[in-house]
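# Structural overview for review
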Amino acid sequence: MKNLKVIAFTHKHVELKDLGNLVICNEALEDRLINLKNTLDIPEIFYIATCNRVEFVFCGAHELSNEFIADFMHRMNFCVPAERLQCYLGQVTRYSGMDALNHLFRMSCSLESLVVGEKEILAQVRRAYERCREAGFTGDYLRLVMDRLVKTAKEVYTYTNISRNPISVVSLAYRKLKETKLPQNPRILVIGSGETNQNLAKYLKKHQHSNFVVFNRTLDNAKKLAKELNAEAYPLSALGTYKKGFDVMIICTGSPEAIIDVNLYQMLLNGETDKKVIVDLAIPNDVDAEVVAQFPVQYIEVSSLQAIAEKNKQDRYNELSSADAIIQENIQEFLPLLKQRRVEVAMREVPEQIKAIKSFALNEVFAQEVEKLDPEAREVLEKVINYMEKKYIKVPMVMAKEILVKNSQSEIN
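In short, a report on the structure. (Residues numbered from 1 in each chain as written. Predicted model: local features only at pLDDT ≥ 70, side-chain atom pairs only at ≥ 80, totals over all residues. Heavy atoms only, no water.)

### Looking at the overall build of the protein
Helix and strand counts for the protein come out as 17 helices and ten strands. Taken over C-alpha atoms, the radius of gyration comes to 32 Å for the protein, far larger than the 22 Å a tight globule of 413 residues would show. When its C-alpha atoms are laid out on the principal axes, the protein stretches across 115 × 55 × 40 Å. Buried residues in the protein amount to 44% of all 413 residues. In the protein, the proportion of contacts linking residues at least 24 apart, taken out of those at least 6 apart, comes to 69%. Only carbon and sulfur atoms are counted for the fraction: they give 51% of the accessible area of the protein, which is about 22,200 Å². (Helix = DSSP H or I, 4+ residues; strand = E, 2+ residues; numbered from the N terminus. Rg over C-alpha atoms; globule rule 2.2 N^0.38 Å. Buried < 20%, exposed > 50% of the residue type's maximum accessible area, 1.4 Å probe, protein only. Contact = heavy atoms within 4.5 Å. Areas by Shrake-Rupley, 256 points an atom, 1.4 Å probe, with all protein chains shown as cover.)

Next comes the structure, spelled out in structure tokens:
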């Protein structure tokens, strides 16, 4: 286990914009890792890059000194000036042995993510590993580690509440919308085409909603979102003349004051009197309080969603100890299995060597004596030797595994 190493650059110590300088495109990854393996004598390695971390997981007897990491980064040929690379040396986190194993478990279970409980991290780690495995950069050791990471993460997500309650405003807004009684394929006004509205509108489209109209101060930006939604696009100034009505209004602009007042809302209703749903995700609110007071409206606003998000976030943090307990249990199970596998790999050649000894004894050392045996005696001899061969292969391997398991248990206890 002492040879497991991780070199990590994460959101905890590196600005997110600076992490982008350490991301390696798929086209260049293979050549760079081949160079690294060959020049630094690294038997197995895989590389993980997400929006808030860049990590190298490998095995080897290397000491993670500043000199080694500087050499490592130089050979990876990152596209940053030499003086900037020196800055990264002060921001790197290094893990070896059990610390590395514990870190990998916590990372895969999203305990160290920017958003705790984010399931996507496990998928990202698996994709990163598979890419490097298919390219031949990993072997039996990292395969065992990866298998246990996946098993553990699934248990954490299944048996704790660390990822169950959403903490993004968009997810919460969608849940609130699902709870409302909407008509079939409701008419949805999207007012503002910034990131928040983009995410919510795409979420709705993913869940079979298709009747959108997009308004934005800049028409070109409205058209971009409208194209993805297969919708019509209008400038914000056209709101007062829109006559097709709506069932749901999703609004989030950068305006410093409310843009939907009583008069504009009355015009948008176009004579309809049924209850509407307004999702106002702007700060400050884009819908005047008088609109909510005077009209039949189900009003979903960002401040109430943020309060729920904060509570859910705290609920997730409350699950950290339960998740850690699952991780430690899996580590204790994993260490003996890892040692057993090392014995199996080390003893792979034993059967062939015993077969070679048997063949040499029968055909060289005792060839003349065997030749003199009658067929029946030779058959008995063959049976005896084959029986002994199987026992000589099985017994030492079983004994070695038992010894390692006992030693591992005593080390753990």
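Here the narrative resumes.
### Let's talk about helix α11 (residues 262–269)
An α-helical turn contains 3.6 residues, so a residue and the one three or four places further along point in the same direction. Of the positions making up α11, those classed as buried are L264, Y265, L268 and L269. Down the axis of α11, the buried set is contained in an arc of 140°. They therefore lie on one face. As for α11, its buried residues are in contact with β5 (188–191), β8 (248–251), β9 (276–280), α12 (289–294) and β10 (297–301). Between a side-chain oxygen at the N-terminus of α11 and the backbone nitrogen of N263 the separation is 3.3 Å; the capping residue is D261. (Arc of directions from axis to C-beta. Polar contact = N/O pair within 3.5 Å; in protein donor to acceptor, adjacent residues only side chain to side chain.)

### Regarding a nonpolar patch on the surface
Residues V380, V384, Y387 and M388 make up a contiguous nonpolar surface patch of about 370 Å² in total accessible area. When you line up the elements, V384 lands in helix α17 (residues 375–412). Overall, V384 belongs to the partly exposed group, its relative accessible area being 45%. (Patch = residues over 30% accessible without salt bridge, like charges linked within 9 Å, V, L, I, M, F, W, Y side chains within 5 Å. Salt bridge = Lys/Arg side-chain N within 4 Å of Asp/Glu carboxyl O.)

### Considerations on the sheet that holds β10
Taken in spatial order, the six strands of this open sheet run β7-β6-β5-β8-β9-β10, and their pairing is parallel. Two strands close off the open sheet at either side, each with one partner strand: β7 (232–235) and β10. Neighbouring strand axes in the sheet, compared pairwise and without regard to direction, differ in orientation by 15° on average. By the bridge criterion, four bridges tie β5 to strand β6 (residues 212–216) in an arrangement that is parallel. When the sheet's bridge partners are listed, I188 is paired in β6 with F212. Running at roughly 160° to β6, helix α10 (residues 219–229) makes contact with β5, β6 and β7 of the sheet. Contacts from helix α13 (residues 302–318) reach β9 and β10 within the one sheet, and its direction differs from that of β10 by about 55°. (Pairing = 2+ DSSP bridges. Axes fitted to C-alpha atoms, helices over the stretch in contact; angles between N-to-C directions.)

### Quick word on the nonpolar core
Judged by nonpolar contacts, the single largest core of 69 residues is most densely connected at I7, F9, I45, F46, F56, F72 and M73. Of all the elements, helix α7 (residues 140–159) adds the most residues to this core, at ten residues. Apart from residues no more than four positions distant in its own chain, M73 is found in contact with F9, L22, F78, L85, Y88 and L89. Counting residues in hydrophobic clusters, the runner-up holds 26 residues, among them A201, F212, V248 and I250. (Core = buried A, V, L, I, M, F, W, Y, C linked by side-chain atoms within 4.5 Å.)

### Considerations on helix α5 (residues 97–108)
If you check α5, its first and last C-alpha atoms are 17 Å apart, about what twelve residues at 1.5 Å a residue would give, namely 16 Å. Counting buried residues along α5, nine of its twelve residues qualify, which places the element largely inside the surrounding structure. The complete set of buried residues in α5 reads G97, A100, L101, H103, L104, F105, R106, M107 and S108. Count one or two residues on from α5 and you reach S110, which has phi positive near 65°. (Expected span 1.5 Å × (residues − 1).)

### Concerning unusual backbone geometry
The omega angle of the peptide bond from I283 to P284 is -5°, so this bond is cis rather than trans. Position of P284 relative to the elements: it lies in the loop between β9 and α12. We note that N185 has phi near 45°; this positive angle belongs to a residue other than glycine. Looking at the element boundaries, N185 is found in the loop between α8 (169–179) and β5. Even without being glycine, N270 reaches a positive phi, approximately 50°.

Spatial relationships are all this shows, so hold off on functional conclusions.
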